[in-house]
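# Structural overview for review
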Amino acid sequence: MLGAIAGDVIGSVYEGRPIKTKKFDLFQDKSTFTDDSVLTAAVASALMTGESVASTLRSWYFRYP
């Protein structure tokens, strides 16, 4: 999960405009988490707490729109 979220943050600045090089800064000033990280954390939370996945997704969505 840590790798998925790190990859999401690292790739956030390239979303919608991919690059073809392997030489780039991993973390930039504009790097941020996206909806992918929020949904990953929400599903993990639901699985760990036993709460409904649907209600947990909604709750996390409203917390981090």
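Residues numbered from 1 in each chain as written. Predicted model: local features only at pLDDT ≥ 70, side-chain atom pairs only at ≥ 80, totals over all residues. Heavy atoms only, no water.

### Description of the overall build of the chain
The cut-off we apply is this: Working definition: helices are DSSP H or I runs of at least four residues, strands are E runs of at least two. Numbering for both runs from the N terminus. Within these notes, the globule rule equals 2.2 Å times the number of residues to the 0.38 power, and the radius of gyration is based on C-alpha atoms. When a residue's accessible area, from a 1.4 Å probe over protein chains only, is under 20% of the maximum for its type it is buried; when over 50% it is exposed; and in between it is partly exposed. Note on definitions: a residue-residue contact is assigned when non-hydrogen atoms from the two residues lie within 4.5 Å. Counting rule applied: Lys, Arg positive; Asp, Glu negative; His and chain ends not counted. Taken as the charge location is NZ of Lys, CZ of Arg, CG of Asp or CD of Glu.
A tally of regular secondary structure across the chain gives three helices and zero strands. If you list the helices and strands of the chain from N to C, you get α-α-α. In terms of overall size, the chain is more extended than a compact globule, its C-alpha atoms giving a radius of gyration of 14 Å where 65 residues would be expected to give roughly 11 Å. Across its three principal directions, the C-alpha atoms of the chain cover 40 × 20 × 20 Å. Out of the 65 residues in the chain, the part that is buried amounts to 26%. A separation threshold of at least 6 residues defines the contact pool for the chain, and within that pool the share at least 24 residues apart is 29%. Measuring between centres, the 7 positive side-chain charges of the chain sit 7 Å from its 7 negative side-chain charges.

### Description of helix α1 (residues 2-11)
Among the residues making up α1, those that are buried are Asp 8, Val 9 and Ile 10. Against the buried residues of α1 lie α2 (35-49).

### Here we look at the packing of aromatic side chains
The test is simple: A pair of aromatic rings is counted whenever rings of Phe, Tyr or Trp (Trp by its six-membered ring) have centres within 6.5 Å, and the orientation is called stacked for planes under 30 degrees apart, edge-to-face for over 60 and tilted otherwise. Whether a charge sits over a ring depends on NZ of Lys or CZ of Arg being within 6 Å of the ring centre and within 35 degrees of the ring normal.
This structure, assessed with the given rule, holds four aromatic pairs. The side chain of Arg 63 reaches across the aromatic face of Trp 60, ending 5.0 Å from its centre.

### Focus on the packing of α2 against helix α3 (residues 53-63)
The description of two packed helices rests on the angle between their axes and on the distance between the axes. Put simply, the test is: All axes here are fitted lines through C-alpha atoms, helices being fitted over the stretch that makes contact, and every angle between N-to-C directions spans 0 to 180 degrees. Oblique is the label for any angle not under 35 degrees, not over 145, and not in the 65 to 115 range, which are roughly parallel, roughly antiparallel and roughly perpendicular in turn. Should the near helix be turned anticlockwise from the far one by less than a right angle, the crossing is termed left-handed; should it be turned clockwise, right-handed.
Two numbers describe how α2 lies on α3: the axes approach to 9 Å, and their chain directions differ by 140°. On the basis of the axis angle, α2 is oblique to α3. The two elements α2 and α3 meet at a crossing, and its hand is right-handed. When α2 is examined against α3, the residues Val 38, Leu 39, Ala 41, Ala 42, Val 43, Ser 45 and Ala 46 are found in contact with a partner set consisting of Val 53, Thr 56, Leu 57 and Trp 60.

### Focus on the side chain of Asp 8
As a reminder of what qualifies: A pairing counts as a salt bridge when a side-chain nitrogen of Lys or Arg comes within 4 Å of a carboxyl oxygen of Asp or Glu. Any N or O atom pair separated by 3.5 Å or less is treated as a polar contact, with the protein-specific requirement of one donor-capable and one acceptor-capable atom, and with residues adjacent in sequence counted only for side-chain atom pairs.
Inspection of the secondary structure puts Asp 8 in helix α1. One buried charge, Asp 8, has no salt-bridge partner; the nearest side chain with opposite charge is Arg 17, at 14 Å. Reaching out from Asp 8, the side chain makes a polar contact with the side chain of Ser 37 at a distance of 2.5 Å. Excluding its chain neighbours within four sequence positions, the residues that come into contact with Asp 8 are Thr 32, Phe 33, Thr 34, Asp 36 and Ser 37.

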